[in-house]
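Topology and contacts: notes
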Amino acid sequence: MAGRAAGRADAAAVVRSTPARSSERLKQRKHGKWYLRQELPDTADGERQTLRRGGYASKTDAQDDLRLAQSLLALPDASDIEGQRTVADMLQAAVRNKETFPSIEDTTRRLKSGQALVMRLTVGGFLEEWLAGKKVGKGTHRSYAGHIRNHLAPRIGHIRLDKLRVADLSEMFQAIADANVEIREQNARRHQALALLKEIPTEGAGNRARRAAIRESIAQMPPFRRPTEATTRQRIRATLRATLNSAMAQQLIIFNPAAHVELDSARRPRALVWTPERVERWRKTGQRPSPVMVWTPEMTGQFLDHVATDRLYAMWHLFAYRGPRRGEVCGLAWSETHLDAQRVTISNQTIVVDGWALEDSAPKTDWGFRTLALDTQTVSALRAHRARQAAERLQQGEAWVDTDRVFTEPDGSWLHPDRVSKAFEKIVSEIGLPPIRLHDLRHGAATLALAAGVDIKIVSEMLGHSTVLITQDIYQSVLDDLSLDAAEATARVVPRRA
């Protein structure tokens, strides 16, 4: 019977292993230590079961654990036979897994909420459940999935959810940071091999043999990989933190270790202008001074002059002067473009890329919804573009796809953002300008505005930043240059004798 343990005189005991003559017994590590024994409720099949745990260094330690086990067994009502068996299973599982007995508080909470006392859910299993039920945009969902697939599941997915600790996460993030060293070394070796391959002529049997050997070595090298920098590690932690917050809301855990693990701060990269000295250094080494580089006004002018006859010139012009995001430009609708009023509205037409597929999406934040004022040059460029598009519509006839987009393929269909980026990279290479990303045209537009004396708050609103602090953080180096100009201008105001 389930209550049989309560009526037995020997239902519980703390004993010490007795000396034995056997030489093998004397060699055992736990020989001479203390053990506890506690009768448990019978199983559902009526089988008797006993809790046994040994290896205690002192009688007091064994007695403390015995009292805790008895207190846990007493939590369910005397009539709650199933509850008593559940607690018994929990204690037996703790012994099998060599874990400490759960606290009375945690066990009480689980009993009241109807949760399983024996946790079998791993971090990896809960991550999968959380991701499957997460209702977010496809881009955000893809980011979460990447963090889980590439970092979280391989490193901590095997850990039981309620056993995840801050130390586990510190170890994980340190391993990710350490892997960056190997990634950079492998990337450097691949760069060196490719550079050497370019230097070897294609003529001559010896040169061809050398080229073949280098190509074979390159084929055996790992592909180029991006290191997981501090910013990405912060995002990985944010994903895990959100997941564990959900586990806490479901009362599966009572502590979120992701909220307490310490990581290196992820500083926003500063925007730097391509000065002659930086250009010279780049031509010698191929290295960019910063991930965010900005052309000078003269370089921007070279770019716009080169694309003046491009069918999408108005798009490049808009990028360079007003700094919208790539998806915002590709999704811009004529119905939100008001040329007479010299403004366009960024609303819910943003195009996002899911793999290669495209979909409409609203801006991620409220600050993404905004109106951009247009200068007369940009308005003129958009009017010319609209006339060109009208001619394309006539030429296409019934094949024209009416999407209401300002910038489209020749048949009116959506313009793919990735193709825009590749087209930009090709144009920059043709001109021979120092490299920037398409997104850096956005930074260039901000720099032009700041250099022209536009208030930073207005620049922040133009870019769709949530606060001026973000704008100031990114463009602090540009603001420093402007401060130098202001200092020189101030000095010139004061008349001095020669």
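Further up the page is the structure itself.
Residues numbered from 1 in each chain as written. Predicted model: local features only at pLDDT ≥ 70, side-chain atom pairs only at ≥ 80, totals over all residues. Heavy atoms only, no water.

Observations concerning the overall build of the chain
- Regarding its fold elements, the chain presents 19 helices and 10 strands.
- For the chain, with 498 residues in total, the buried portion stands at 40%.
- Carbon together with sulfur atoms contributes 51% to the accessible area of the chain, which is approximately 28,400 Å² in total. (Helix = DSSP H or I, 4+ residues; strand = E, 2+ residues; numbered from the N terminus. Buried < 20%, exposed > 50% of the residue type's maximum accessible area, 1.4 Å probe, protein only. Areas by Shrake-Rupley, 256 points an atom, 1.4 Å probe, with all protein chains shown as cover.)

Structural notes on helix α4 (residues 104–113)
- When α4 is considered as a whole, its buried residues turn out to be Asp106, Thr107, Arg109 and Arg110. Each buried residue of α4 sits inside an arc of 160° when the element is viewed along its axis, so together they form one side. Those residues of α4 that are exposed and angled more than 90 degrees off the buried face are Glu105 and Lys112.
- Contacts from the buried residues of α4 go to α2 (59–73) and α3 (81–96). (Arc of directions from axis to C-beta. Contact = heavy atoms within 4.5 Å.)

Examining the pattern of salt bridges
- All chains considered together, the criterion is met by 14 salt bridges.
- Two residues, Asp418 and Arg326, come together in a salt bridge whose shortest N-O distance is 3.1 Å. Of the two residues, Asp418 sits in helix α15 (residues 417–431) while Arg326 sits in helix α13 (residues 326–330), which places them 92 residues apart along the sequence.
- Asp440 serves as the salt-bridge partner of Arg437, at 2.7 Å between the closest nitrogen and oxygen.
- Under the relative-accessibility criterion, Arg437 is labelled partly exposed at 36%. (Salt bridge = Lys/Arg side-chain N within 4 Å of Asp/Glu carboxyl O.)

Points about the sheet that holds strand β3 (residues 49–56)
- Judged by pairing direction, the sheet is antiparallel, and its 3 strands sit side by side in the order β1-β2-β3 without closing on themselves. Across the chains shown, the open sheet's two edge strands, defined by having one partner strand only, are β1 (12–16) and β3. In this sheet, neighbouring strand axes are inclined to one another by 15° on average, regardless of whether the strands run parallel or antiparallel.
- Of the strand pairs in this sheet, β1 and strand β2 (residues 34–40) are connected by 5 bridges, and their pairing is antiparallel. Its bridge partner being in β2, Ala12 is matched across the sheet by Gln38.
- α2 contacts β1, β2 and β3 of the sheet and is inclined by roughly 15° relative to β2. (Pairing = 2+ DSSP bridges. Axes fitted to C-alpha atoms, helices over the stretch in contact; angles between N-to-C directions.)

Examining the sheet that holds strand β10 (residues 370–373)
- Spatially, 3 strands are ordered β6-β7-β10 in an open sheet, and the strand pairing comes out antiparallel. At either end of the open sheet lies a strand with only one pairing partner, and these are β6 (337–338) and β10.
- Pairing analysis gives 4 bridges linking strand β7 (residues 343–346) to β10, with the strands arranged antiparallel. Bridge assignment links Ile346 to a residue of β10, and that residue is Arg370.

Remarks on the packing of aromatic side chains
- The full count for this structure, using the stated rule, is 8 aromatic pairs.
- Consider the rings of Trp295 and Phe424, whose centres lie 6.0 Å apart with planes at 40°: the pair is tilted. Remark: Phe424 occurs in helix α15 and Trp295 occurs in the loop between β5 (292–294) and α11 (297–306); sequence separation between them is 129 residues. For the pair Trp295 and Phe424, one class covers both residues: buried.
- Seen in terms of ring centroids, Phe303 and Trp316 are 5.9 Å apart; in terms of plane orientation they differ by 85°. Their pairing is edge-to-face. Here Phe303 is found in helix α11, whereas its partner Trp316 is found in helix α12 (residues 313–322), with 13 residues between them in sequence. Residues Phe303 and Trp316 agree in their burial class; the two are buried.
- Members of the aromatic cluster, connected to one another through ring pairs, are Trp295, Phe303, Trp316, Phe319 and Phe424.
- The side chain of Arg53 reaches across the aromatic face of Phe101, ending 4.6 Å from its centre.
- Stacked on the ring of Phe224, the Lys or Arg Arg190 has its end atom at 5.3 Å from the ring centre. (Phe/Tyr/Trp six-rings, centres within 6.5 Å; stacked < 30°, edge-to-face > 60°. Lys NZ or Arg CZ within 6 Å of the ring centre and 35° of its normal.)

Section: the nonpolar core
- Judged by nonpolar contacts, the single largest core of 46 residues is most densely connected at Trp295, Phe303, Met315, Trp316, Phe407 and Phe424.
- It is α12 that contributes the most residues to this core, 6 residues altogether. (Core = buried A, V, L, I, M, F, W, Y, C linked by side-chain atoms within 4.5 Å.)

A look at the packing of helix α6 (residues 138–156) against helix α9 (residues 230–249)
- Running from N to C, α6 and α9 point in directions that differ by 85°, and their axes come no closer than 10 Å. When the interaxial angle is binned, α6 and α9 end up roughly perpendicular. Within the contact between the two elements, α6 uses Tyr144, His147, Ile148, His151, Leu152 and Ile156 and α9 uses Arg235, Ile236, Thr239 and Leu240.
- Of the residues in the contact of α6 with α9, the class split is 6 nonpolar, 3 polar and 1 charged. (Parallel < 35°, antiparallel > 145°, perpendicular 65-115°, else oblique. Nonpolar A, V, L, I, M, F, W, Y, C, P; charged D, E, K, R; others polar.)

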